[in-house]
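# Fold and geometry: a report
Okay, here's what each chain looks like letter by letter:
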Amino acid sequence: MADAGVASRRACEDLIRAGAVEVNGSVVIELPAWVDPQKDRISVEGRPLPKPERQLYLMLNKPTRTLTSAADEPGSDRRTVLDLVDHPAKARLFPVGRLDYDTVGLVLLTNDGDLANRLTHPRYGAPKTYKVVVKGSLDEDAASEIERGIYLAERKAGRTVGAARTAHIELSVLRRERDSTTLELTLREGRNRQVRRMLAAVGFPVKSLERTGIGPLRLKGVARGAWRELTAAEIKGLRRAAASASGDQEFRTDTPPKKKKAPDKAKNPSKRSTGSKRGRQQAEEELAPTQLSRKAVKNAAHGRPNPNKPARGGDG
Ligand code: URA
């Protein structure tokens, strides 16, 4: 619903809980509610939801001197990552996260707002991996200072509002030369120009910066300035990373569970899965009464019992 432009994700959830959403003619008020937007008929307050665009996931190998935003500021006309992608589906793609104008490498482009939000979640976002060449021979002290975290200024609306220590960073030295060092860094946060500022703070300015990974996704099979679609395995890996990054067990990592007729618990208690966590979760989802009639929604709104549910309370 959010991707179709109905409202923000949170407001869409409120609309569902309020009984404003129907799927194939039945009101759905419980979350998560599995639907196939291509096949199911969804309506919000009686108005049908338009069929969404096909979800696309592209890997772009960003060249230098390119903006990672959909458009430049008014009055400037610099190249953007979207200028480099001409996908035949003409979908409304956007970049997931940002790279500096001069940073090169992996940019993920998609029209899947849910996945993008989870991958860039400020607290749990997926780790990003960078290959960095710095000026000088980076010593052990500087390396462990970076790993432990250093204080970087925090800015809001163009003003410094304090300083915060960077979260733990994994660092390995890939190559040492007389006047430069090549490093691999993995960061779990994405503060503004973080890699450049951290390395400058310990006295080793960045000569070149390339992003090589986002979560499990690796930059490969695509030349600088070119793009390709992700493989099914790459998309699945990203969805898994996004689910665990946001700590959300309800986020779909592949295809939704098949709709099965819920077994009658009272008559057939042994049918309930007791196996893996995922199996148990799926069984709970299958048993959950996710679809209620209009009458039940109205009753719930007026505090009356749902005739389809046994009343709770008492000792037995
Ligand atoms: N850190 C930076 O300093 N720049 C980038 O583009 C990405 C991470």
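In short, a report on the structure. In this text, all values refer to a predicted model and were calculated from it rather than measured experimentally.

Quick look at the nonpolar core now. Within the largest apolar cluster, 32 residues are counted, with the highest numbers of intra-cluster contacts made by Val132, Ile146, Leu185, Val195 and Leu199. Listing elements by their share of this core, those giving two or more residues are β5 (57-62), β7 (104-110), β8 (128-135), α3 (140-148), β12 (180-187), α4 (194-201) and β13 (206-214). In contact with valine 132, other than residues within four places in its own chain, are Thr181, Thr182, Leu183, Leu185, Val195, Leu199, Val206, Ser208 and Leu209. Formed by 16 residues, the second largest nonpolar core is a distinct cluster that contains Leu108, Leu115, Leu119 and Val222.

Let us now look at the site of the ligand. All residues in the neighbourhood of the ligand are listed as Leu99, Asp100, Thr103, Tyr130, Arg193, Gln194, Val195, Arg196 and Leu209. Within the side chain of threonine 103, one N or O atom sits 2.8 Å away from an oxygen atom of the ligand. Within the backbone of arginine 196, a nitrogen or oxygen atom sits 3.0 Å from an oxygen atom of the ligand. In isolation the ligand has 240 Å² of accessible area, and contact with the protein removes 95% of it. Ranked by residue count, the leading element in the shell around the ligand is α4, at three residues. Of the residues contributing to the shell around the ligand, the split by class is four nonpolar, two polar and three charged.

Looking now at the pattern of salt bridges. Taken as a whole, this structure holds 15 salt bridges when the rule is applied. Between lysine 90 and aspartate 86 there is a salt bridge, and its shortest N-O distance comes to 2.7 Å. Like lysine 90, the residue aspartate 86 is exposed in the burial classification.

On to the sheet that holds strand β3 (residues 42-44), then. In space, the four strands of this open sheet follow the order β2-β1-β3-β4, with antiparallel pairing throughout. Here the strands that pair on one side only, and so sit at the sheet edges, are β2 (26-27) and β4 (47-48). Both strand β1 (residues 21-23) and β2 contribute to a ladder of two bridges, which runs antiparallel. Paired with valine 23 across the two strands is serine 26, which belongs to β2.

Inspection of every chain in the model, using the stated rule, returns zero aromatic pairs. Lying across the ring of tyrosine 101, arginine 78 places its NZ or CZ 5.1 Å from the centre.

So, about unusual backbone geometry. Backbone torsion omega between leucine 31 and proline 32 reads 0 degrees, so that peptide bond is classified as cis. Take proline 32: it is sitting in the loop between β2 and β3. Located in the positive-phi region is arginine 65, a residue other than glycine, with phi close to 55 degrees. Structurally, arginine 65 can be placed in the loop between β5 and β6 (94-95). Look at alanine 157: it is not a glycine, yet its phi comes out positive at around 50 degrees. Here alanine 157 lies in the loop between β9 (151-156) and β10 (159-165).

Reading the values: rules and limits
Within any chain, residue numbers begin from 1 and follow the written order of that chain's sequence. Predicted model: local features are reported for residues with pLDDT of at least 70 only, side-chain atom pairs are reported and counted for 80 or more only, and whole-chain, interface and lining totals are derived from all residues. Side-chain metrics in this entry use all non-hydrogen atoms of the structure; hydrogen atoms and water are not considered. Here, nonpolar core means buried Ala, Val, Leu, Ile, Met, Phe, Trp, Tyr and Cys residues that are tied together by side-chain atoms lying within 4.5 Å of each other. Exposed residues in this analysis have more than 50% of their type's maximum accessible area, buried residues have under 20%, and partly exposed residues fall in between, with area computed by a 1.4 Å probe over protein chains only. Only DSSP runs of H or I with at least four residues qualify as helices, and only runs of E with at least two residues qualify as strands; both kinds are numbered from the N terminus onward. Should any heavy atoms of two residues lie within 4.5 Å, those residues are considered in contact. For each residue, the test is whether any non-hydrogen atom lies within 4 Å of the molecule or strand; if one does, the residue is near. Any N or O atom pair separated by 3.5 Å or less is treated as a polar contact, with the protein-specific requirement of one donor-capable and one acceptor-capable atom, and with residues adjacent in sequence counted only for side-chain atom pairs. Each accessible area is a Shrake-Rupley result for a 1.4 Å probe, and residues are judged covered by the shown protein chains and nothing else. Ten residue types, Ala, Val, Leu, Ile, Met, Phe, Trp, Tyr, Cys and Pro, are classed as nonpolar, four, Asp, Glu, Lys and Arg, as charged, and the remainder, Gly among them, as polar. For this document, the term salt bridge refers to a Lys or Arg side-chain nitrogen within 4 Å of an Asp or Glu carboxyl oxygen. Pairing between two strands requires that DSSP report at least two bridges joining them. Only rings of Phe, Tyr and Trp enter the pairing, Trp through its six-membered ring, and a pair is recorded when the two centres are within 6.5 Å. The plane angle decides the type: under 30 degrees is stacked, over 60 is edge-to-face, the rest tilted. Charges are assigned to positions over rings by a cutoff of 6 Å between ring centre and Lys NZ or Arg CZ, combined with an angular limit of 35 degrees from the ring normal.

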